[in-house]
Amino acid sequence: MAEEPDTPVSSRTERKALEKAKILQRESERKIFRLVGRVLKKPEAERSEEEAGVLLLHRDTVEELNKRQVRRNVLKRKQEEVFDDAEELKSKVRQLAVAVKQANHLVIYTGAGISTAASIPDYRGPNGVWTQLQKGRSVSSSDLSKAVPTFTHMCIRTLHKEKLVKHVVSQNCDGLHLRSGLPRHALSELHGNMFIEVCTSCSPVREYVRLFDVTERTSLHRHTTGRRCSHCGGELRDTIVHFGERGTLEQPLNWKGAAEAAKMADVIVCLGSSLKVLKKYACLWCMNRPASKRPKLYIVNLQWTPKDDLALLKINGKCDDVMSLLMQELNIQIPAYNRADDPIFCLASPLGPEEVKSHTREVLAPPTGQEDGSAEPEKQTEVTSVQGGWFGRGYGKGMKKKKKAA
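First things first, this report covers the structure right here in the doc. (Residues numbered from 1 in each chain as written. Predicted model: local features only at pLDDT ≥ 70, side-chain atom pairs only at ≥ 80, totals over all residues. Heavy atoms only, no water.)

Residue P204 follows S203 across a cis peptide bond; omega there is 0°. Counting through the fold element by element, P204 comes out in the loop between β5 (196–199) and β6 (206–209). Even without being a glycine, H221 presents a positive backbone phi close to 60°. Mapped onto the elements, H221 comes out in the loop between β6 and β7 (224–228). H221 gets classed as exposed once you look at its relative accessible area, which sits at 57%. (Helix = DSSP H or I, 4+ residues; strand = E, 2+ residues; numbered from the N terminus. Buried < 20%, exposed > 50% of the residue type's maximum accessible area, 1.4 Å probe, protein only.)

In this model helix α3 (residues 59–79) runs 30 Å from its N-terminal to its C-terminal C-alpha over 21 residues, within 8% of the 30 Å that 1.5 Å per residue would give. Those residues of α3 not exposed but buried are T61, V62 and L65. Around the axis of α3, the buried residues are gathered within 100° of arc, so they sit on the same side. Among the exposed residues of α3, those oriented more than 90 degrees off its buried face are R59, D60 and R77. (Expected span 1.5 Å × (residues − 1). Arc of directions from axis to C-beta.)

A general feature of soluble globular proteins is that nonpolar side chains tend to end up buried together. Counting 36 residues, the largest nonpolar core has L96, V269, L271, L326, M327 and L330 as its most contacted members. When contributions to this core are tallied by element, the ones reaching two or more residues are α4 (86–102), β1 (106–110), α6 (151–161), β9 (267–271), β10 (296–300), β11 (313–315) and α9 (319–330). For this core, the element with the most residues is α9, which contributes seven residues. Residues within four places of L271 in sequence aside, it is in contact with I108, Y109, T110, G111, I114, T152, I156, V300, C319 and M323. The next biggest cluster of nonpolar side chains, apart from the first, holds 17 residues, and it includes V169, A265, I268 and I299. (Core = buried A, V, L, I, M, F, W, Y, C linked by side-chain atoms within 4.5 Å. Contact = heavy atoms within 4.5 Å.)

For the rest of this paragraph, the subject is the sheet that holds strand β4 (residues 187–189). Note: strands within a sheet are paired through backbone hydrogen bonds, in either parallel or antiparallel orientation. Read across the sheet, six strands follow the order β4-β3-β1-β9-β10-β11 without closing on themselves; strand pairing throughout is parallel. Of all the strands in the sheet, the pair left with one neighbour each is β4 and β11. Across the sheet, the mean angle from the axis of one strand to that of its neighbour is 15°, orientation sign disregarded. As paired strands, β10 and β11 are joined by three bridges and run parallel to one another. The residue bridging V300 from the neighbouring strand is I315, located in β11. (Pairing = 2+ DSSP bridges. Axes fitted to C-alpha atoms, helices over the stretch in contact; angles between N-to-C directions.)

All right, on to the packing of α4 against α9 then. Contact pair α4 / α9: the axes reach a minimum separation of 9 Å and the direction vectors enclose 55°. Considered as vectors, α4 and α9 are oriented oblique to each other. Regarding α4 and α9, the two cross each other, and that crossing is right-handed. Contacts from L89, K90, V93, R94, L96, A97, V100 and K101 in α4 reach V322, L325, L326, E329 and L330 in α9. Looking at the contact of α4 with α9 residue by residue, the classes come out as nine nonpolar, no polar and four charged. (Parallel < 35°, antiparallel > 145°, perpendicular 65-115°, else oblique. Left-handed = near helix turned anticlockwise from the far one by under 90°. Nonpolar A, V, L, I, M, F, W, Y, C, P; charged D, E, K, R; others polar.)

Let us look at the pairing of strand β3 (residues 167–170). Neither face of β3 is open: one carries H167 and V169, the other V168 and S170, and all of them are buried. The sheet contact formed by β1 and β3 spans four bridges and is parallel. Along β3, the bridge assignment pairs V107 with H167. Looking at chain direction, β3 and β4 are connected through three bridges and run parallel. Bridging across to β4, S170 finds its partner in E189.

Let us look at the sheet that holds β7. Strand order in the open sheet made by the four strands is β6-β5-β8-β7, with antiparallel pairing throughout. Of all the strands in the sheet, the pair left with one neighbour each is β6 and β7. Adjacent strand axes in the sheet meet at a mean angle of 35° when their direction is disregarded.

Laid out in C-alpha cells, this is it:
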C-alpha cells in the first residue's frame, strides 16, 4: 500500500512557521515604535545624527506616532472643563431665557452633571467614575440613596409646573427627578430608576417602588433582585439599562413619551450630559428633518459634547449656577426640596415580613411631623466602594482594562 503524502505535518509546520514570523514581525515593529517614540520625545536640537537617521529611515512610523499624538491632544482638550466668565455666562443665560419664554414645546435632556451637586459622581468628568478607572485609580462613593434633589432638579420641576417645560428625558438612575415631584407622565428615565423593581411575569408589568436602592445584587445581564412578586410569585428585577443592553420596559423608561416629546419639540435644552450616549438615539434628535425644521438646541455642560456644532448656544457652566441665573431672568421662585413632599414615600410598596432582610442598603426614613425636609442631608464620612448594581457595567469595564494593563 502506497504511503500517503505527509500533508498534515507539512501544513502544520508551515502554519507554525507563519505564526512565528508574524510574532517576530510584531515584536520588531514594537521595537521600532519604542525607538522612534524615544527620539521624538527629545527636542530636535538635542538629537544626535544617528537619531536623526532613525527618523529618516522610519518615516511611516514617525507619521503614525505624530497622528496618535494629535488624537491624544484632541481627546485631552475634549475632556477639559471650560468655564464661561461671569459676564459671558449672564449674557448666554439671557439668550436661553428668551428661548424658554418663546418655546411652544420645550423638552429637557438631563445627564449626570445635574446630580453632582448631590454628591453623586458623574461618569466622564475629571473625577468621574470611568475617568478614574481608566487611570487605574480606585473608585469610591458615598451612599447614593442619601442624595436628595438638587436645585436644578427643583428648577426643572417648577418649570414643568409653570407649563414652560413639557417633558424631561433623563439618563440618570438616581430617581431624583421623581423625588423632586416631577409627574411621571412628564418623565422618561431611559436608563432606569434605582428605587424601582418590576415583575415582568405579570401582564401588564407590575411595578414596586422601594425606599432603598434595589440594585444591590444586580449588574450587567443579571437583573434579578432576590425578591418575588406578591401577586404571582415571579422573580422581581431591577429597571437599570447597562451599556450593551436594550431597555424594553414601558416604565420607568417611557421611550414612547420621550420619542413623542422629541417629535413635537421646538426647543431642546441639554443639562449636564456629555451626550455621548444620547447622540446614538436617533429618535431624540429629528435628524431626518431639514436643518431649519429641527428643534433649536441649547447645551449646558463644562466639557465638549458631540452635538456642540449643532447647538444654537453652548453654555459652559455648572448646572446649578446656570439654572439660578435662568430663574432670575424668568422671575420664578424655586422652592427648596422638602422631604415631606417627596412622592417616593406615597408611591413605595412595603416589603413582606420575609423580605425585610433581603437587602443591606439603607432605607429612606419617612418624614416626621416635625421634620423640615429642606434641611441639608447629613454628610457621610464613611466611604464605600462602587461595585455592581447601578455602576456595575462601568466598574467591570474599568477593572478589565486595569487587569489587562497589569
